[in-house]
Amino acid sequence: MKKMLYSLFASPDRLLQVMSHGEIQDAIEDGDRILVDADGNTSVNIRCQRVQEDFKRHVDALKRA
């Protein structure tokens, strides 16, 4: 177990699932929620239905506040 955790954190690319530009395009089309590019920049896929539902839920909560 300790060895597995060490190998995971020793390789941040594997931990974050870094993607190439083509893989990012595929992930957007597949509806993946979070994208990490080769530079380590993260973004949210606004085309993902779950992201849209989360956003709507947060907006509705702010309206009630």
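Anything mentioned here points back to the structure above.
Calculation rules
- Residues numbered from 1 in each chain as written.
- Predicted model: local features only at pLDDT ≥ 70, side-chain atom pairs only at ≥ 80, totals over all residues.
- Heavy atoms only, no water.
- Patch = residues over 30% accessible without salt bridge, like charges linked within 9 Å, V, L, I, M, F, W, Y side chains within 5 Å.
- Areas by Shrake-Rupley, 256 points an atom, 1.4 Å probe, with all protein chains shown as cover.
- Salt bridge = Lys/Arg side-chain N within 4 Å of Asp/Glu carboxyl O.
- Lys, Arg positive; Asp, Glu negative; His and termini not counted.
- Charge placed at Lys NZ, Arg CZ, Asp CG, Glu CD.
- Helix = DSSP H or I, 4+ residues; strand = E, 2+ residues; numbered from the N terminus.
- Buried < 20%, exposed > 50% of the residue type's maximum accessible area, 1.4 Å probe, protein only.
- Contact = heavy atoms within 4.5 Å.
- Core = buried A, V, L, I, M, F, W, Y, C linked by side-chain atoms within 4.5 Å.
- Arc of directions from axis to C-beta.
- Polar contact = N/O pair within 3.5 Å; in protein donor to acceptor, adjacent residues only side chain to side chain.

(A) Spatial organisation of a negative patch on the surface. Together, E23, D26, E29, D30 and D32 make up a region of like negative charge exposed at the surface. For D32, the location among the structural elements is in the loop between α3 (21-30) and β1 (34-36). Of the residues examined, D32 reaches a relative accessible area of 32% and is grouped as partly exposed.

(B) Summary view of the environment of V51. Note on placement: V51 falls in helix α4 (residues 49-64). C-alpha of V51 to C-alpha of D32: the two residues are 19 residues apart in sequence and 9.5 Å apart in space. What V51 contacts, discounting residues up to four positions off in sequence, is R33, V44, N45 and I46.

(C) Highlighting the nonpolar core. M19, I24, A27, I28 and L35 form the largest nonpolar core, which has five residues in total. Here this core takes three residues from α3, the largest share from any one element.

(D) Highlighting α3. Every buried residue of α3 is accounted for by I24, A27 and I28. Viewed along the axis of α3, the buried residues span an arc of 100°, placing them on a single side of the element. Across from the buried face of α3, at angles greater than 90 degrees, the exposed residues are E29 and D30. Looking at the buried side of α3, the elements it contacts are β1. Backbone geometry just downstream of α3 places G31 in the positive-phi region, at approximately 85°.

(E) Representation of the side chain of D54 in the model. Following the sequence through the fold, D54 ends up in helix α4. Given the relative accessible area of 18%, D54 is considered buried. Polar contacts involving the side chain of D54 include one to the side chain of R57, which spans 2.3 Å.

(F) Molecular detail of the side chain of N45. Relative to the assigned elements, N45 resides in the loop between β2 (42-44) and α4. With a relative accessible area of 3%, N45 lands in the buried category. A distance of 3.3 Å separates the side chain of N45 from the backbone oxygen of I28, its partner in a polar contact. The contacts of N45, once residues within four sequence positions are left out, are A27, I28, G31, D32, R33, L35 and V51.

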